[in-house]
Amino acid sequence: MLAIKLRAAIALYQTRWKLPNQKDAYNLRQDFLTEDDWEDLIRWQKILVPFRELCEQEEGRSQKAGREGQYGTLWRVLHGMNFMYGVLAEEQKEINQAHTDLQRTEHYNTGINTAWLKLGKYFKLTDISPLYVAAITLHPGRRFEYFEDKWAKYPAWIKDAKKSFKNPLPGILPSGF
């Protein structure tokens, strides 16, 4: 976030700002960033930067020599969602710890909960089509072990993924690969 990079300049501006002599001048002091505001911005940056980097990575660059077809492919959808799930889970764990004061920031907690709901919605949408599981399972560098590794804490998810994936090439691919 640019504001965090410019924190010193913003703080300097805030300390040097003076209320104009005009009768109905707006007092900017009521909008100055407090120490709590800076903590909130840093907290938001911590959670949003990994999401931004994931989005930028998935936008493409697939025409780069040696990386053709690597980004923006179907198998990377669940991979990216699992990454986002991990980021949110880590932040939720931090929020739920009794010694943290993150509970005082209701809008931050609401934002995390909203992200959970949105991610859950998209996980449910991927459940509708077996293509997402098939894309990872058929990927030579991933296979079904990807799910067994990433979803180890959620055996029901693994079971559902196995159930949703039917061998599309019987006689060519071994069953239960």
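Description of the structure in this document. Being a predicted model, the structure only gives us computed values, none of them experimental. (Residues numbered from 1 in each chain as written. Predicted model: local features only at pLDDT ≥ 70, side-chain atom pairs only at ≥ 80, totals over all residues. Heavy atoms only, no water.)

### Looking at the side chain of Thr-126
Link 1 in the chain: Within the secondary structure layout, Thr-126 lies in helix α5 (residues 106-128).
Link 2 in the chain: Exposure remark for Thr-126: the relative accessible area of 7% places this residue in the buried category.
Link 3 in the chain: Other than its neighbours up to four places away in sequence, Thr-126 contacts Val-77, Leu-78, Met-81 and Tyr-132. (Helix = DSSP H or I, 4+ residues; strand = E, 2+ residues; numbered from the N terminus. Buried < 20%, exposed > 50% of the residue type's maximum accessible area, 1.4 Å probe, protein only. Contact = heavy atoms within 4.5 Å.)

### Topic: the packing of helix α4 (residues 75-96) against helix α6 (residues 131-138)
Link 1 in the chain: One can describe the packing of α4 onto α6 by two numbers: an axis separation of 7 Å at closest approach and a directional angle of 100°. In terms of orientation, α4 lies roughly perpendicular with respect to α6. On α6, the residues touching Trp-75, Val-77, Leu-78 and His-79 of α4 are Tyr-132, Val-133, Ala-135 and Ile-136.
Link 2 in the chain: The class makeup of the residues in the contact of α4 with α6 is seven nonpolar, one polar and no charged. (Axes fitted to C-alpha atoms, helices over the stretch in contact; angles between N-to-C directions. Parallel < 35°, antiparallel > 145°, perpendicular 65-115°, else oblique. Nonpolar A, V, L, I, M, F, W, Y, C, P; charged D, E, K, R; others polar.)

### Looking at the packing of aromatic side chains
Link 1 in the chain: Following the criterion strictly, the structure yields 12 aromatic pairs and no others.
Link 2 in the chain: Measuring from centroid to centroid gives 5.6 Å for Tyr-85 and Trp-157, while their planes differ by 75°, and the two rings are edge-to-face. Of this pair, Tyr-85 sits in helix α4 while Trp-157 sits in helix α8 (residues 155-164), and the two are 72 residues apart along the sequence.
Link 3 in the chain: The class of Tyr-85 is buried, set by a relative accessible area of 19%.
Link 4 in the chain: Under the relative-accessibility criterion, Trp-157 is labelled partly exposed at 30%.
Link 5 in the chain: Seen in terms of ring centroids, Phe-123 and Trp-157 are 5.9 Å apart; in terms of plane orientation they differ by 40°. Their pairing is tilted. Here Phe-123, found in helix α5, pairs with Trp-157, found in helix α8; they are 34 residues apart in sequence, far enough to count as distant.
Link 6 in the chain: An aromatic cluster is defined as three or more aromatic residues linked by ring pairs; in this entry it consists of Tyr-85, Trp-116, Phe-123, Phe-144, Tyr-146, Phe-147, Trp-151, Tyr-154 and Trp-157.
Link 7 in the chain: Positioned over the ring face of Tyr-108 is Arg-43, at 5.4 Å from the centre of the ring. (Phe/Tyr/Trp six-rings, centres within 6.5 Å; stacked < 30°, edge-to-face > 60°. Lys NZ or Arg CZ within 6 Å of the ring centre and 35° of its normal.)

These figures capture arrangement, not role.
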